[in-house]
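Close look at the chain arrangement
Chain by chain, the residues run as shown.
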Amino acid sequence: MGFQVKVNCTVHWAFLKKPNPMSKKHEVVLGNLSDEAVTNLRGAGIKVHNKPDDKPEQGRYITCRSTLPIKAEDQNEGQIEAMIGNGSRAIATIGVYDWEYEGRRGKSPALYKLVITDLVEVARREQAPV
């Protein structure tokens, strides 16, 4: 499988089961990455972001995107059905893939596994009858 690194992180903006309306992809922001995680990710060619003025709660972070739903599991390998809220803690296994689009090339993070270690659950809004 090539490059893989496990990182402790916080989860932000988890669009795991349905796509983000803006990007049209399933995605999750993995934030508050350690110095070691940042070094390993950058060494593999993955760009790590840090926007302390706009997003101080995320620290250093990456965004993982997929055309398929992203699975999250608990520490006992059971699938998490709850909506995962910002600030949930996780261990993510990250890889890297190369891409080319409209004459541009790059590397992006591939999320192989997402294990939620401390869930901040989002309460589902009750929908009004139609």
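Each remark here, short or long, concerns the structure printed above.
First, a word on scope: everything that follows refers to the structure included in this document.

1. Examining the sheet that holds strand β5 (residues 88-101)
- Strand order across the open sheet formed by 6 strands is β3-β4-β2-β1-β5-β6, with antiparallel pairing between neighbours. The open sheet has two edge strands with one neighbour each: β3 (49-50) and β6 (104-118).
- With 7 bridges connecting them, strand β1 (residues 5-15) and β5 associate as antiparallel partners. Bridge assignment links K6 to a residue of β5, and that residue is T93.

2. Quick notes on the pattern of salt bridges
- Applying the stated criterion to the full structure yields 6 salt bridges.
- Where K107 meets D98, a salt bridge forms, and the shortest distance between an N and an O atom there is 2.7 Å.
- Classification of D98 as exposed rests on a relative accessible area of 58%.

3. Looking at the state of the cysteines
- Taken as a whole and assessed by the stated rule, the structure comprises 0 disulfides.
- Not part of a disulfide, C9 finds its nearest cysteine sulfur in C64, a span of 8.5 Å.
- Classification of C9 by relative accessible area gives buried; the value is 0%.
- Exposure remark for C64: the relative accessible area of 1% places this residue in the buried category.

4. Points about the side chain of Q58
- Looking at the element boundaries, Q58 is found in the loop between β3 and β4 (60-66).
- The exposure class of Q58 is buried, given its relative accessible area of 1%.

5. Brief notes about the nonpolar core
- L30, L33, I62 and I94 are the most contacted members of the largest nonpolar core, which totals 25 residues.
- Only β1, β2 (26-31), α1 (35-43), β4, β5 and β6 provide two or more residues apiece to this core.
- The dominant element in this core, judged by the number of residues it contributes, is β1, at 4 residues.
- Discounting chain neighbours no more than four positions away, the residues touching I62 are V28, V29, L30, L33, L41, I46, K47, V48, I94 and P109.

Conventions used here
Residues numbered from 1 in each chain as written. Predicted model: local features only at pLDDT ≥ 70, side-chain atom pairs only at ≥ 80, totals over all residues. Heavy atoms only, no water. Pairing = 2+ DSSP bridges. Helix = DSSP H or I, 4+ residues; strand = E, 2+ residues; numbered from the N terminus. Salt bridge = Lys/Arg side-chain N within 4 Å of Asp/Glu carboxyl O. Buried < 20%, exposed > 50% of the residue type's maximum accessible area, 1.4 Å probe, protein only. Disulfide = S-S within 2.5 Å. Core = buried A, V, L, I, M, F, W, Y, C linked by side-chain atoms within 4.5 Å. Contact = heavy atoms within 4.5 Å.

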